[in-house]
Amino acid sequence: MKTIETWALHAYADGELDGADRLAIGELLAHDEAARTMLAEIERQKQALKAAYDPVLREPLPPSLAAVLRHRGSRAALPYAAMAAGLALLIAGGSGGWFMAQQTGSAAAAGIADLAIGAHEVYTVEVRHPVEVAATEKDHLQAWLSKRVGTAFAIPDLSDQGYTLLGGRLLAAGELPAAQLMYEDAGKKRITIFLTANPGQAKAALRVEEKGGLVACYWLDGPLGFAIAGEMDRTRMMQLARVVYERFEG
Amino acid sequence: MDFRSQLAAELPHLRRFSRALVGDAALADDLVQDCLERAMLKSHLYDPARPLRAWLYAVLRNLFISGLRRDRRSAVVKTVDDLTGGEGSVAANQEERLSVALIAEALDRLPHDQREVIVLVALEDMSYRDAAEITGVPIGTVMSRLSRARAALQRILEDRGHTVLRRVK
């Protein structure tokens, strides 16, 4: 067989030929034993490859891969309509406009939500070391994190909401320090509050983001950006976010 | 369907491609993870008029190539379990596992430029045009690599087939 025929045979087997070219190979196959053998070998290899690797298609997805899609998406990937809908819902439900809806800072705020959700995911599953500094040293925790984040804040008491402070830790939000505060309810369900500096002092109204089973509310206000994350329904999370917002306003 | 859901829908194929390209199951999934992260970061570069799968294959393939350049010196020790997908593999009986391992080993012995082309075309059913775009070479080069890959795979499988047969006897 000539080289050109060999290539044509591959193209035929791979479905790359049509019309007259395909017919021509049909004729070649009819009278050329070597061509038939070669085509059979190409088909055999295809079947062997598929037999070897098709089972991968049916394997359960590793949790790490599912988690990437759930928690570390870029904001650009989310339809803006959904974000706008969340915002509209909030404005409609909010009393007296306790958050101003502004576009500035929304990208920075969204970044905070992603970081908060990621950090929530990582640390709330820790059994022995969920926090770096425990609630027993609340004053120290508060002073330390305020200093690192660059703005003095008071750790909110959420016991009337059913949440006990476990403690907190220092994290990074890109190049900026960030703080995570962790709380737990009687059923051992954990929520986290994430705070970081808001260098441009941009304002962003509270938004809600849901990823997998997690709900996060986030906003920018003055020198700080906030997010609160947990597994609960959206309405309850928004109520909680409002409480947290008011306590930080203090 | 939003971009993330589209990515999720492509995951099984992306994993199969990665496994056949890389060999080692854990490394292949790491590569898929890097690919997803990159795809989400660079989603603005994706042209929705083109098939998403081909774009993802190109992203994954390029990450793999740059990884190869980076860790050229670090060799990965492979076991039969790695080659067959370990516990995750569905290949049930001994014979099937053997043939899966054979194919994996044969692919491993192909030069990388031939391996990626035969995987794209013969396993993933990519058109020559898509394979050319994914690997960044002209269609003619895809065809010549494919032809060489098939000839080489045939030789390797025949050799190994005989060896295994002797061993079994």
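Quantities reported herein were computed from a predicted structural model and do not represent experimental measurements.

Another point: the overall build of chain A. When helices and strands are counted, chain A shows eight helices and seven strands. Here chain A holds 250 residues, and 34% of them are scored as buried. In chain A, the proportion of contacts linking residues at least 24 apart, taken out of those at least 6 apart, comes to 61%.

Moving on: the overall build of chain B. The helix and strand tally for chain B stands at eight helices and zero strands. Along its sequence from the N terminus, chain B presents helices and strands in the succession α-α-α-α-α-α-α-α. For chain B, buried positions account for 37% of its 169 residues. Across chain B, the fraction of contacts at a sequence separation of at least 24, relative to all contacts at a separation of at least 6, is 63%.

Residue and element names in this part refer to chain A. Running from N to C, helix α1 (residues 3-13) and helix α3 (residues 33-58) point in directions that differ by 45°, and their axes come no closer than 10 Å. Judged by the angle between their axes, α1 and α3 are oblique. As for how α1 packs across α3, the hand of that crossing is right-handed. Contacts from L9, H10 and A13 of α1 reach α3 at A35, M38, L39, I42 and E43. For the contact of α1 with α3, the residue count by class is six nonpolar, one polar and one charged.

Residue and element names in this part refer to chain B. Across chain B, pLDDT averages 82, with 77% of residues at or above 70. Across residues 73-92 the pLDDT falls below 50, and counting only partners more than four positions away or on other chains, this stretch makes 36 contacts in the model. Here the prediction assigns the complex a pTM of 0.54, and the interface score ipTM is 0.83.

This part is about the environment of L115 of chain A. All names here are of chain A. Note that L115 resides in helix α6 (residues 106-123). L115 gets classed as buried once you count the C-beta atoms within 10 Å, which come to 25. Residues L115 and A172 lie 57 residues apart in sequence; the distance between their C-alpha atoms is 8.9 Å. If sequence neighbours within four positions are ignored, L115 has contacts with A173, A178 and F194.

Here we come to helix α6 (residues 112-123) of chain B. All names here are of chain B. In this model α6 runs 15 Å from its N-terminal to its C-terminal C-alpha over twelve residues, within 8% of the 16 Å that 1.5 Å per residue would give. With ten of twelve residues buried, α6 lies mostly within the body of the structure. Buried within α6 are the following residues: Q114, R115, E116, V117, I118, V119, L120, V121, A122 and L123. Looking one or two places after α6, you find D125, whose phi comes out positive at around 55°.

Next up on the list: unusual backbone geometry. With a phi angle near 70°, K188 of chain A is a residue other than glycine that sits in the positive phi range. Position of K188 of chain A among the secondary structure elements: in the loop between β3 (176-184) and β4 (190-197). Despite not being glycine, D125 of chain B has its phi angle at roughly 55°, a positive value. The partly exposed category is assigned to D125 of chain B, around which 14 C-beta atoms lie within 10 Å.

All names here are of chain A. Within the secondary structure, A35 is located in helix α3. Given 20 C-beta atoms within a 10 Å radius, A35 is considered buried. Each C-alpha atom, one on A35 and one on I25, is 9.1 Å from the other, the two residues being ten residues apart in sequence.

Residues and elements named next belong to chain A. Taken together, seven strands build an open sheet; the order of strands is β1-β2-β3-β4-β7-β6-β5 and the sheet is antiparallel. Since the sheet does not close on itself, it has two edges, and those belong to β1 (133-134) and β5 (204-211), each with one partner. Pairing geometry for β4 and strand β7 (residues 224-230), over seven bridges, is antiparallel. Directly across from T196, in β7, lies its bridge partner G225. Contacts from helix α7 (residues 138-149) reach β1, β2 (164-173), β3 and β4 within the one sheet, and its direction differs from that of β2 by about 20°. In this fold helix α8 (residues 234-249) packs onto β4, β5, β6 (214-221) and β7, with an angle of close to 30° to the strand it touches most, β6.

Right, let's get into the interface of chain A and chain B. Each side of the interface is counted separately: chain A has 32 residues, and chain B has 41 residues. For the side of chain A that touches chain B, the secondary-structure elements that each account for two or more residues are α1, α3 and α4 (63-71) of chain A. Top contributing element to the side of chain A that touches chain B by residue count: α3 of chain A, with 13 residues. Class assignment of the residues belonging to the side of chain A that touches chain B gives a composition of 18 nonpolar, six polar and eight charged.

This part covers the pairing of β5 of chain A. Residues and elements named next belong to chain A. For β5, the buried fraction is high: seven of the eight residues fall into the buried class. Sheet topology note: the β5/β6 ladder contains six bridges and is antiparallel. When the bridges of β6 are listed, E209 appears paired with A216. Connecting the antiparallel pair β5 and β6 is a turn made up of two residues, with G212 showing a positive phi of about 55°.

In this section: the nonpolar core. Within the largest apolar cluster, 48 residues are counted, with the highest numbers of intra-cluster contacts made by C35, L60 and V121 of chain B. Not counting residues within four places of it along the chain, the set of residues in contact with L60 of chain B comprises L14, F17, S18, L31, V32 and C35 of chain B. Within the second largest apolar cluster, 46 residues are counted, among which are A116, V208, V215 and M238 of chain A.

Turning to the pairing of β2 of chain A, a few remarks are in order. Residue and element names in this part refer to chain A. The pairing of β1 with β2 spans two bridges and is antiparallel. In the strand pairing of β2, A134 is matched with G167. Between β2 and β3, which pair antiparallel in sequence order, lie two residues; one of them, G174, sits at a positive phi of approximately 65°.

Conventions used here
Residues numbered from 1 in each chain as written. Chains lettered and ligands numbered in written order. Predicted model: local features only at pLDDT ≥ 70, side-chain atom pairs only at ≥ 80, totals over all residues. Helix = DSSP H or I, 4+ residues; strand = E, 2+ residues; numbered from the N terminus. Buried ≥ 20, exposed ≤ 12 C-beta atoms within 10 Å, placed from the backbone. Contact = placed C-beta atoms within 7 Å. Axes fitted to C-alpha atoms, helices over the stretch in contact; angles between N-to-C directions. Parallel < 35°, antiparallel > 145°, perpendicular 65-115°, else oblique. Left-handed = near helix turned anticlockwise from the far one by under 90°. Nonpolar A, V, L, I, M, F, W, Y, C, P; charged D, E, K, R; others polar. pLDDT = per-residue confidence, 0-100. Expected span 1.5 Å × (residues − 1). Pairing = 2+ DSSP bridges. Core = buried A, V, L, I, M, F, W, Y, C linked by C-beta atoms within 7 Å.

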